[in-house]
Amino acid sequence: MCMKLVSVIVPTYNRAEILCDCIDSIICSTYTNLEIIIVDNKSTDQTVDIVKHRYSNDKRIKILKLKKNRMAAGGRNAGIKVAKGEYMLFVDNDNIVYPDMIELLIREMEKDENIGLTGPISINKFNNDRIWLASGDYHFFSSRPKTLYANKKIEEITLAKRYETCYSPNVMMASRKAVQAVGGFDRVYYAMYEEADFGYRILQAGFKAYIVTDARTCHLGTVGAGEQERLRHLGIGFPERAYHFAKNRTIFMKKYANWYHMITYYLIFIHVFTFYYSFMALKYGRKDIAAAWLKGTVAGMIASVPKQIKVKI
């Protein structure tokens, strides 16, 4: 197999230690023709200096320092702009990728030029190595993600070598052709749902997407400073995240759900989620998070949502 260049794009913010663990796993990959683009979203700690010092002798590692925090969507887009690879691998910085993950994803991509996206199975290190994510899709009546094989042990299930998906949360590889067809990650999402939107647009552009089940990554799911663990695992660890979670859920539904899904969503589920997440935030004494969720819900409901496939980076 010809080793085509893979651009590994890792956005980060104030996570020097965990980022280095992620980089260490990437550079130990069996697939070696890599450029590793670290996109720093204006960290306020020593992330950039630490990475520069630790990997000064590895010419594959490039650091892109942004002047403001563009979060996940904008950080990945900045990486896309400078990426030279035939394939682009987007990795959240709280991952330890398995040594053969990149090689297995590439091998699948090379089978068919119409494959635009592949992803691995994500293993949860802090849940006895059970599956965290093994697919990317949604139940559109409720807007809830489909949790295929969640919390199962690999040995408990029978897996095909690959199966179709709509996107791959946490870690995903896209071909340059697919990226050129859809542009970058839609910055309207800022963070949360931007990966799903990216994958759905790749499918709309006529490409195929698969989970490659032999490919694995270990997702750490780190709880940040000032976050309550339960709220973090619900996706609302701090107000800004809660706001975008609530807003983006409705924006994503407007863009991809059918009209009959939206009736159920507006009549039932948007109210259920507003009550549940607000209640959980208040339960842990976070009025600011509850308020942010309510504000985000309203913002999503009034947002105008264009449905184009290609977005500007």
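Here is what the cut-offs are and how they apply
Residues numbered from 1 in each chain as written. Predicted model: local features only at pLDDT ≥ 70, side-chain atom pairs only at ≥ 80, totals over all residues. Heavy atoms only, no water. Helix = DSSP H or I, 4+ residues; strand = E, 2+ residues; numbered from the N terminus. Rg over C-alpha atoms; globule rule 2.2 N^0.38 Å. Buried < 20%, exposed > 50% of the residue type's maximum accessible area, 1.4 Å probe, protein only. Contact = heavy atoms within 4.5 Å. Areas by Shrake-Rupley, 256 points an atom, 1.4 Å probe, with all protein chains shown as cover. Lys, Arg positive; Asp, Glu negative; His and termini not counted. Charge placed at Lys NZ, Arg CZ, Asp CG, Glu CD. Pairing = 2+ DSSP bridges. Axes fitted to C-alpha atoms, helices over the stretch in contact; angles between N-to-C directions. Parallel < 35°, antiparallel > 145°, perpendicular 65-115°, else oblique. Nonpolar A, V, L, I, M, F, W, Y, C, P; charged D, E, K, R; others polar. Salt bridge = Lys/Arg side-chain N within 4 Å of Asp/Glu carboxyl O. Arc of directions from axis to C-beta. Phe/Tyr/Trp six-rings, centres within 6.5 Å; stacked < 30°, edge-to-face > 60°. Lys NZ or Arg CZ within 6 Å of the ring centre and 35° of its normal. 1 Å grid on protein atoms, 1.4 Å probe; cavity = no way out; pocket = protein on both sides within 12 Å on 5 of 7 lines; lining within 4 Å. Points joined across faces, edges and corners; volume = space filled by probe spheres on them.

(A) Representation of the overall build of the chain in the model. For the chain, the count of helices and strands is ten helices and twelve strands. Over its C-alpha trace the chain gives a radius of gyration of 19 Å, about what one expects of a compact globule, namely 20 Å for 313 residues. Each of the 313 residues in the chain was classed as buried or not, and the buried ones make up 54%. Summarising the internal contacts of the chain: among those between residues at least 6 apart in sequence, 79% fall at separations of at least 24. When the accessible surface of the chain is split by element, carbon and sulfur atoms take 54% of a total near 14400 Å². Across the chain, 45 positive and 31 negative side-chain charges occur, with their mean positions spaced 6 Å apart.

(B) Region of the structure containing the pairing of strand S6 (residues 115-124). With ten of its ten residues buried, S6 lies for the most part within the structure. Pairing geometry for S6 and strand S12 (residues 208-219), over eight bridges, is parallel. Within S12, the residue paired with Ile115 across the bridge is Lys208. As defined by bridge partners, S6 adjoins strand S11 (residues 171-175) across two bridges and the pair is classed as antiparallel. Paired with Thr118 across the strands is Met173, a residue of S11. In this structure, S6 lies alongside strand S7 (residues 130-133), joined through three bridges in antiparallel fashion. When the bridges of S7 are listed, Asn124 appears paired with Arg130. Hairpin remark: S6 followed by S7, antiparallel, with five residues in the connecting loop; positive phi at Asn128, about 55 degrees.

(C) Region of the structure containing the packing of helix H6 (residues 194-204) against helix H8 (residues 239-256). The contact between H6 and H8 brings their axes to 11 Å, and the two run at 10 degrees. Comparing their axes, H8 and H6 come out roughly parallel. Contacts between H6 and H8 involve Ala196, Asp197, Tyr200, Arg201 and Gln204 from the former and Phe252, Lys255 and Tyr256 from the latter. Class assignment for the residues of the contact of H6 with H8 results in four nonpolar, one polar and three charged.

(D) Region of the structure containing the environment of Ala181. Positionally, Ala181 belongs in helix H5 (residues 176-182). Note: C-alpha distance between Ala181 and Gly237 (56 residues apart in sequence) is 34 Å. Apart from the residues lying within four places of it in its own chain, the contact partners of Ala181 are Ala205, Phe207, Ile309 and Lys310.

(E) Seen up close, the pattern of salt bridges. The final tally for this structure, using the stated rule, is 20 salt bridges. The partner of Asp197 in a salt bridge is Lys255, and the shortest N-O contact between them spans 2.9 Å. Of this pair, Asp197 sits in helix H6 while Lys255 sits in helix H8, and the two are 58 residues apart along the sequence. Here Asp197 matches Lys255 in class, with each residue buried.

(F) Structural context of helix H2 (residues 47-54). Residues Thr47, Val48 and Val51 constitute the buried set of H2. Each buried residue of H2 sits inside an arc of 95 degrees when the element is viewed along its axis, so together they form one side. Among the structural elements, strand S1 (6-12), helix H1 (16-27), strand S2 (34-40) and strand S3 (61-65) are those in contact with the buried residues of H2.

(G) Summary view of the packing of aromatic side chains. Using the criterion set out here, one finds 25 aromatic pairs in the structure. Each ring, one from Tyr138 and one from Phe140, has its centre 6.4 Å from the other, and the planes form 40 degrees; the classification is tilted. Neither residue differs from the other here; Tyr138 and Phe140 are each classed as buried. Pairing Phe252 with Tyr256 gives two aromatic rings, centres 4.9 Å apart and planes at 45 degrees, and the pair type is tilted. Here the residue Phe252 and the residue Tyr256 both occupy positions in helix H8, the gap between them amounting to four residues, near one helical turn. Across the pair, Tyr256 and Phe252 agree in class, each one buried. The ring of Phe185 carries Arg76 above its face, with NZ or CZ at 4.9 Å from the centroid. The ring of Tyr210 has Arg162 lying over it, and the distance from NZ or CZ to the ring centre is 3.9 Å.

(H) Inspection of the layout of surface pockets at higher detail. Here the second largest pocket defines a volume of roughly 160 Å³. Every residue lining the second largest pocket is listed: Lys4, Glu86, Tyr87, Met109, Glu110, Asp112, Glu113, Ile115, Ser175, Arg176 and Lys177. Tallied by class, residues from the lining of the second largest pocket come to three nonpolar, one polar and seven charged.

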